[in-house]
Amino acid sequence: MLCYSFVMNGHSVFPLSWGPRPPVADESYDWVTNSFGPSDPRALDIVPVKCDEPWETLETFTRKCAPHLVLGLFPAFLQIDTRFHRAIHSLGLPVCTMVEEQAKIAAAVVGHLDIGGVVLLQSACTVFERELAKFKPAMTVRYLAILAPEERPGIAHGEIDILFELHLVPGIVGLFQCEQARDSARIFHPNDRFVWEFADSKAWVSDNDGRRFSHAEIPQPVFPHETQCACGRSTSLRLN
Ligand SMILES: [Zn+2]
């Protein structure tokens, strides 16, 4: 759902101001941290995500990498593993996760087992790719790199096979890249599970019913990209 408007009041900022929370014992929710910063005390502000709220871009990425395994390499504090497992299991595929501190071991695993896809934070990409190069994997490894809300793509396409997606909180996709737009590391689509508003170089995102978060301003400039994407999506954005 997309709409355009001008200046609004009552903006929230990142980490998101999250609305009412269910009891922790409610098993229909996963809990993820509300910040990508390990030294940010707000990282302890865990937020609920419905177990059945899909991670569609990960599912699409995994289908592209099939039939090989997809490896997740995340800092443990993000609490993202459960959503990662759930998304890939929904496709009937096995899944493997390792913590970011095990990048060297993970590279050896990927190099020896010909794992086709790796999901990780952009900040871990360079170290992982350097380690993986030592093993000269037989198949091209595809990367799905997660950006924090204030982070821009910093790796050029062509260096490695990579798609970026910007998460609102770890495991919740705000902006993503489609296969057709992958030639440019800066072109994204907004996740239409949410309500978006754009004005000038700003973007605000709200939950569909506005209960979890509302009018949260993406903490970096977001520009309209007028060229129609080959995937058919009507809205493209550029992160500079
Ligand atoms: Zn597209």
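Small disclaimer: the values here were computed from a predicted structure and weren't measured.

### Some details on the sheet that holds strand E11 (residues 202-206)
Link 1 in the chain: Read across the open sheet, the three strands follow the order E10-E11-E12; overall the sheet is antiparallel. The outermost strands of the open sheet, each flanked by one partner alone, are strand E10 (195-199) and strand E12 (216-217).
Link 2 in the chain: Pairing of E11 with E12 involves two bridges; the strand directions are antiparallel. For Val205, the partnering residue across the bridge sits in E12 and is Ala216.

### Things to note about the environment of Arg152
Link 1 in the chain: Along the chain, Arg152 falls in the loop between strand E6 (142-147) and strand E7 (161-169).
Link 2 in the chain: Take Arg152: its relative accessible area is 42%, and that puts it in the partly exposed class.
Link 3 in the chain: Sequence separation between Arg152 and Arg186 is 34 residues, and the spatial gap between their C-alpha atoms is 8.0 Å.
Link 4 in the chain: Once you skip the residues sitting within four places of it in the chain, Arg152 turns out to touch Gln122, Leu147, Gln220, Pro221 and Asn240.

### Quick notes on the confidence of the model for the protein
Link 1 in the chain: Scored by pLDDT, the protein comes out at a mean of 88, with 94% of its residues at no less than 70.
Link 2 in the chain: Within the protein, the element-level pLDDT minimum falls on helix H3 (residues 103-113), averaging 90, and the maximum on strand E8 (residues 172-176), averaging 97.
Link 3 in the chain: Per-residue pLDDT stays below 50 along residues 1-10; that stretch engages in 25 contacts with residues further than four places along the chain or on separate chains.

### Points about the sheet that holds strand E13 (residues 222-225)
Link 1 in the chain: Strand order in the open sheet formed by nine strands is E4-E3-E5-E6-E7-E8-E9-E14-E13, and the pairing between neighbours is mixed. Of all the strands in the sheet, the pair left with one neighbour each is strand E4 (96-99) and E13. Across the sheet, the axes of successive neighbouring strands diverge by a mean angle of 35°, strand direction being ignored.
Link 2 in the chain: The pairing of E7 with E8 spans four bridges and is antiparallel. Bridging across to E8, His167 finds its partner in Val173.
Link 3 in the chain: Against the sheet, helix H1 (residues 56-65) engages strand E3 (70-74), strand E5 (117-121), E6, E7 and E8, with an angle of about 165° to E6.

### What about the nonpolar core?
Link 1 in the chain: With 46 residues, the main nonpolar core has Phe128, Tyr143 and Leu168 as its most contacted residues.
Link 2 in the chain: In terms of residue count, the dominant contributor to this core is E7 (five residues).
Link 3 in the chain: The contact partners of Phe128, leaving out residues within four places of it in the chain, are Leu73, Ala103, Ala106, Ala107, Val110, Val118, Leu120 and Tyr143.
Link 4 in the chain: If you look at the next biggest cluster of nonpolar residues, it comprises 21 residues, including Phe36, Leu58, Val173 and Phe176.

### Points about the coordination of the zinc ion
Link 1 in the chain: Protein coordination of the zinc ion is provided by Cys178 (SG), His189 (NE2), Cys229 (SG) and Cys231 (SG), with donor distances spanning 2.1 to 2.3 Å.
Link 2 in the chain: Considering all four donor atoms around the zinc ion, the spread of angles at the metal, 101 to 120°, places the coordination shape in the tetrahedral class.
Link 3 in the chain: We note that the donor set of the zinc ion lies within a single chain, spaced as C-x10-H-x39-C-x1-C. One end of the pair, Cys178, is in the loop between E8 and strand E9 (187-190); the other, Cys231, is in the loop between E13 and strand E14 (236-239), and 53 residues separate them in sequence.

### Structural notes on the layout of surface pockets
Link 1 in the chain: Volume-wise, the largest pocket comes out at about 500 Å³.
Link 2 in the chain: If you trace the largest pocket, you find 31 residues lining it, with Glu56, Thr57, Thr60, Phe176 and Arg233 closest to the centre.
Link 3 in the chain: When contributions to the lining of the largest pocket are tallied by element, the ones reaching two or more residues are H1, E7, E8 and E9.
Link 4 in the chain: Sorting elements by how many residues they give to the lining of the largest pocket places H1 first, with five residues.
Link 5 in the chain: Grouping the constituent residues of the lining of the largest pocket by class yields 13 nonpolar, nine polar and nine charged.

Conventions and cut-offs
- Residues numbered from 1 in each chain as written.
- Predicted model: local features only at pLDDT ≥ 70, side-chain atom pairs only at ≥ 80, totals over all residues.
- Heavy atoms only, no water.
- Pairing = 2+ DSSP bridges.
- Helix = DSSP H or I, 4+ residues; strand = E, 2+ residues; numbered from the N terminus.
- Buried < 20%, exposed > 50% of the residue type's maximum accessible area, 1.4 Å probe, protein only.
- Contact = heavy atoms within 4.5 Å.
- pLDDT = per-residue confidence, 0-100.
- Axes fitted to C-alpha atoms, helices over the stretch in contact; angles between N-to-C directions.
- Core = buried A, V, L, I, M, F, W, Y, C linked by side-chain atoms within 4.5 Å.
- Donors = N, O, S within 2.8 Å, 3.2 Å for Na, K, Ca; no water.
- Tetrahedral: all angles 85-135°; square planar, octahedral: opposite > 155°, others 65-115°.
- 1 Å grid on protein atoms, 1.4 Å probe; cavity = no way out; pocket = protein on both sides within 12 Å on 5 of 7 lines; lining within 4 Å.
- Points joined across faces, edges and corners; volume = space filled by probe spheres on them.
- Nonpolar A, V, L, I, M, F, W, Y, C, P; charged D, E, K, R; others polar.

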